[in-house]
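Fold and geometry: a report
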Amino acid sequence: MLRFVVRRLLLLVPVLIGLSVLLFAWVRALPGDPARSLLGERATDAGVERINEVYGFDRPLVEQYVSYVGALLRGDFGTSIQTGRPVTESFIDYFPATIELAVTALLFAVVIGVPLGYLAARHQGRWLDTTVVTGSLLGVVTPVFFLAILLKLVFANWLGWLPTGLRQDPRIDATHVTNFYVLDGFLTQEWDAAFNAMAHLVLPAIALGTIPLAIIVRITRAAVADVLNEDYVRTAHAKGLAAATISRRHVLRNALLPVVTTIGLQAGLLLSGAVLTETVFSFNGIGSYLFTAITRRDYPVLQGFILFIALLYCLINLLVDVVYGLIDPRVRAA
Amino acid sequence: MAVPTTTSPTPEPVPGGGAGPATPGAPLLEVRDLRVRFTGRDRAVTAVDEVSFTVSPGQNVGLVGESGSGKSVTSMAVMGLLPRRGVEVSGQILFDGEDLLLADRKRLDRLRGREVAMVFQDPMTSLNPVVPVGTQIGEVLQRHFGMRRKERRERAAELLAKVGIPDPRRRLDDHPHQLSGGMRQRVLIAIALACEPRLLIADEPTTALDVTIQAQVLDVLAELVDEAGAALLLITHDLGVVAGVCDEVNVMYAGRIVEQAPRRPLFRSPAHPYTGGLLASIPRLDTPRGRPLTPIPGSPTQTVPWTDACAFSPRCAHADDTCRTTSPRLEHADGRGLRCFHPLTTPAALTKEL
Amino acid sequence: MSIPIPPAGPSTTPGASVALDDKDLEGGLSLWQGAFRRLRRSPTAWCGAVIVALFVVVAAAAPLLTSYQPGSTQWAGDVTTTEIPGPSADHWLGLDRYGSDLWTQLVYGARQSLLYGVISTVLGLAVGATLGALAGGFGAVGGRFGTVVDATIMRLVDIMLAVPSLLLAVSIAAMLGQSGTAVVIAIGAAQVPVFARLLRGSMLAQGKADYVLAANALGLRRSRIVMSHMLPNSMGPTIVQATLNLATAIIEVAALSYLGLGAPDPAIAEWGRMLVAAQDRFDDAARLAILPGVAIAITALGFTLFGEALRESLDPRTRR
């Protein structure tokens, strides 16, 4: 297993090197003089000179690349043109919000999606199955941002059950330790703060989790249906095993293999979706941060952000492979 | 052809059985008038009809036929493994006097694996790929005997040793993909025999294996069944396998039994033209070189419904208008059953006519 | 020791009592012919096709469906900060917040979505399939050169796959600046790795198929086997994916506009931008947000249904 992980980590190296080259080239491929395009309309000669100095755009490319990679290795993902803040610092501020949101959304998707897919497969062709399949189809085709807007419209604006946005009511004087607001509320035993943060999570998490939910339902349904037809399930029945044992050990365990892979693939979707969802709900996470960077054409931020996301995405996929290997012994051997 | 194993056809007392011993002479399994219909959205297919046969305690009975003859469906019906939806089963399947078709799921689960066990055709797909084989053997023991973990491992290792797997203790933690096809089939046999069932159903247990291993696995199976005093219902398309193992043989064609007889009389003088054809198509060591095999003409898909003809008539050299317009019935005489208007007299006559 | 299967003689008795599935008798039809037949019988396919056809007709006939120009703000005077005129005889769906006719905007928005969605998917398919075919073809032919080509292409694809597709599109659109071309290129490029990987995968799978081994054994040239056997037989999943991707592409076009990376010209009606504009007028005119959103979802549904039906009809496993 360890060898498997190490090999997968080594495979990541060329991908990351390639990506860093591409991102390096990307900023330099912006039309016109890089310093000028970075500054945009507000470019002055003094500003251009300062940028050239900070970013070293006037030095040879190879040298620039080496110092860029050197900075990356030191954890320096660049500095915002707009605010002058290091990108890494902003990440530390904003990332907990996104993690909080993404994890809640994924939990929502998995906790509801897997049992629903399982039930649908067991009742193939009946009304429950038809409803679930139709619902999941609608879930897949509804754009995240539209669903977010719709949820906000109905449950916040019209019904007033849930807050329209933000992570927490600013009137609550909450202490923030980790920047995971719900966790902070529990840590400091400020229960009202914790519940308030949770209430703010509901709509964004449902909006963000719906597409993964729909996909997980479909994959689970297909996988369970496949496994139910497998010979080893028949063997299990012929052994006289209890229905619960068959479901758990023989059906679910095998059906979860494709589901785990799918959950891993959702990571990318969640990160993309978070950008849109956070924008709709003014949820101050990495998504809103990216949105601001896009609208202000803050390229160093975008550059650092994409590299960071890619790194994260690769690590998540590695984690998925490890989990897969834990479930399926055949993968470990391969 | 393997030497026939000596199994006395007389019923033996059942060792290790959970339920009370059956009345002496009473059959262990009695299938009466079994009929299985698959009902689709717009049409129904009768896969098995008018099937009746018995298996006495300790007896080895063969169910022989080509693919599509309904022999596997019959075995699945006995095990209660047919899907509930889209399948109509009628008749009686009496196990030790109890009708399995009337038993509920709970009762079936107590019998399956404990009193009746099954070995399936394809060892490559019949074991769960993500669970160690030791656990797959152990779970039957846990289910039916309530054995504890240590006991289970102990017993599983013994069973593996019994079916001829070397270094059984180490193999317990192996996953199916680490074993060869022959080994996996041995594991399946070990699972089936783990609770010392009184009836073992083996559905083409050697078909998916290498020819060189087929005989070995079959020998292990026959030996262990014999040793445990269990009865065996062997489902196969291979008369050679039957000749080596079975006391009684039922030949099926297109969902019905066409001939049933004890092994020796059947092989000596097959009465149904289909049985005759099967026997004539077996290559024998004593046939002179160069003589072609004699296949049965036509293919099993060329059938007419049993309802108003003999289903075998399109392929039968003896068929006349009676065969094509009247459905033959299974007639019993001299301990043999036969469904034919024009039985063969001797095998020699058959060879000439074909 | 088994019973030899006799050769099938001429069938004299049609209509079998036990012979099982007569749907297997579709032999003689090619893969695509069979798929088309099953597709015609599939209600899912019909639903999808009807939605897609409707969408295409609306997009193509936009000028005939409305008497107004898109992006025209001639009724801006009727819009106040508290009220946007609702449906009336002149404006079936009312006005939007800039004083344009909502129906006109929606109809022309279909045109925009179709145009951007189709062009970007075709672009992604062309580039991705070429890369995939090269990698798969060279990978299957093997040899040192083949392996290197395959590995190089696939590493490139891996790098692109390391960035989630919408973010890839975002970064490309951000680099190219605000324009329709940028949107199309960004979304097309984000699809490239998916197509490349899919086609390569199915080609390599075909490479192991018995008929390829047979063709090899017959001494056919490898390049010929790849071009005339493996490639056509591998296209199925890629074409299915392209249909499904049309749905995603249409959603992503809207998403890019939503993030402010769409075409800047306000005279061009675009569903995503209509959503953004509607956001702060929820309380008095929710239809401004709901209608474009529903339009996007229904269009995506049409392509998805059709793609799923196509997949099922091409996959022998799911035949019923």
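Residues numbered from 1 in each chain as written. Chains lettered and ligands numbered in written order. Predicted model: local features only at pLDDT ≥ 70, side-chain atom pairs only at ≥ 80, totals over all residues.

With that out of the way, let us pick up the confidence of the model for chain B. Residues and elements named next belong to chain B. For chain B, per-residue confidence averages 82 on the pLDDT scale, and residues scoring 70 or more make up 89% of the total. Note that pLDDT drops below 50 for residues 1-22; the model gives that stretch 39 contacts with residues more than four away or on any other chain. Here residues 346-354 is modelled with pLDDT under 50, and outside its nearest four sequence neighbours on either side it reaches 16 contacts, counting other chains as well. (pLDDT = per-residue confidence, 0-100. Contact = placed C-beta atoms within 7 Å.)

Glancing now at the interface of chain A and chain C. Quite often, the size of an interface is put as the accessible area lost when its parts meet. Across the boundary between the two partners, chain A contributes 33 residues, which contact 32 residues of chain C. Looking at the side of chain A that touches chain C, the elements with two or more residues in it are helix 1 (2-29), helix 6 (127-141), helix 7 (144-158), helix 11 (243-281), helix 12 (286-295) and helix 13 (299-327) of chain A. Ranked by the residues each element gives to the side of chain A that touches chain C, the list is headed by helix 1 of chain A, at seven residues. Of the residues assigned to the side of chain A that touches chain C, the class counts are 27 nonpolar, six polar and no charged. (Helix = DSSP H or I, 4+ residues; strand = E, 2+ residues; numbered from the N terminus. Nonpolar A, V, L, I, M, F, W, Y, C, P; charged D, E, K, R; others polar.)

Turning our eyes to something else, we now look at the sheet that holds strand 8 (residues 231-236) of chain B. Residue and element names in this part refer to chain B. Strand order in this open sheet of eight strands is 6-7-8-3-9-10-12-11, and the pairing throughout is mixed. Edge positions in the sheet fall to strand 6 (116-119) and strand 11 (331-333), since each of these pairs with one other strand and no more. With strand direction ignored, the average angle separating the axes of adjacent strands in the sheet is 20 degrees. In this structure, strand 6 lies alongside strand 7 (residues 199-203), joined through four bridges in parallel fashion. From the neighbouring strand, valine 116 faces strand 7, where its bridge partner is leucine 199. (Pairing = 2+ DSSP bridges. Axes fitted to C-alpha atoms, helices over the stretch in contact; angles between N-to-C directions.)

A few words on helix 12 of chain A. For helix 12 of chain A, the tally of buried residues reaches seven of 10 residues, placing the bulk of the element in the interior. Listed as buried for helix 12 of chain A are Ile286, Gly287, Ser288, Tyr289, Leu290, Ala293 and Ile294 of chain A. Elements that come into contact with the buried residues of helix 12 of chain A comprise helix 5 (87-122), helix 11 and helix 13 of chain A together with helix 6 (165-176) of chain C. A positive phi of about 55 degrees marks arginine 297 of chain A, the residue just after helix 12 of chain A. (Buried ≥ 20, exposed ≤ 12 C-beta atoms within 10 Å, placed from the backbone.)

All names here are of chain B. Among the six residues in strand 8, six count as buried, and that is most of the element. Covered by surrounding structure in strand 8 are Ala231, Leu233 and Ile235 together with Leu232, Leu234 and Thr236, the residues of both alternating faces. Both strand 3 (residues 60-64) and strand 8 contribute to a ladder of five bridges, which runs parallel. Opposite asparagine 60, over in strand 8, you have leucine 232 as the bridge partner. In terms of strand pairing, strand 7 meets strand 8 through five bridges, oriented parallel. Opposite leucine 200, over in strand 8, you have leucine 232 as the bridge partner. In this fold, strand 7 hands off to helix 7 (residues 211-228), which returns the chain to strand 8; that crossover is right-handed. (Right-handed = clockwise from strand over helix to strand, strands pointing away.)

What follows concerns the confidence of the model for chain C. Caution applies to low-pLDDT parts of the model: their predicted coordinates are not meant to be read in detail. Residue and element names in this part refer to chain C. Taken over all residues, the pLDDT of chain C has a mean of 78, while the share at 70 or more is 85%. Across residues 1-28, confidence stays below pLDDT 50; counting only partners more than four residues off in sequence or on other chains, it has 45 contacts. Predicted complex metrics record ipTM = 0.80 and pTM = 0.79.

Turning our eyes to something else, we now look at the environment of leucine 199 of chain C. Residue and element names in this part refer to chain C. Note on placement: leucine 199 falls in helix 7 (residues 180-207). With 75 residues separating them along the chain, leucine 199 and methionine 274 place their C-alpha atoms 36 Å apart. With near-sequence residues (within four places) excluded, leucine 199 lies in contact with Ala129, Gly132, Ala133, Gly136, Ser234 and Thr238.

All names here are of chain B. Taken together, four strands build an open sheet; the order of strands is 2-1-4-5 and the sheet is antiparallel. Edge positions in the open sheet fall to strand 2 (44-55) and strand 5 (98-99), since each of these has one partner strand only. By the bridge criterion, eight bridges tie strand 1 (residues 29-39) to strand 2 in an arrangement that is antiparallel. Counted as the bridge partner of valine 36 is valine 48 from strand 2. Taken strand by strand, helix 1 (residues 71-79) contacts strand 1, strand 2 and strand 4 (87-95), and its axis lies near 110 degrees from that of strand 1.

Before going further, it helps to spend a moment on the nonpolar core. Counting residues in hydrophobic clusters, the biggest one holds 272 residues, and the most contacted among them are Leu200 of chain B together with Ala186 and Leu275 of chain C. Sorting elements by how many residues they give to this core places helix 9 (residues 191-228) of chain A first, with 19 residues. Residues in contact with leucine 275 of chain C, not counting those within four places in the same chain, are Phe145, Phe146 and Ile149 of chain A together with Ala254, Tyr258, Ala289, Pro292 and Gly293 of chain C. (Core = buried A, V, L, I, M, F, W, Y, C linked by C-beta atoms within 7 Å.)

Residue and element names in this part refer to chain B. For strand 9 (residues 248-253), a buried count of six out of six residues is recorded, marking the element as mostly surrounded by other parts of the structure. Along strand 9, one buried face is formed by Glu248, Asn250 and Met252 and the opposite face, lined by Val249, Val251 and Tyr253, is buried too. In this structure, strand 3 lies alongside strand 9, joined through four bridges in parallel fashion. The residue of strand 9 that forms the bridge with leucine 63 is asparagine 250. Sheet analysis places strand 9 next to strand 10 (residues 256-262), joined by six bridges and oriented antiparallel. Residue methionine 252 lies in a different strand from strand 10, and its bridge partner there is isoleucine 257. With antiparallel pairing between neighbouring strands as the criterion, strand 9 and strand 10 make up a hairpin whose turn holds two residues, including alanine 254 at a positive phi of roughly 50 degrees.

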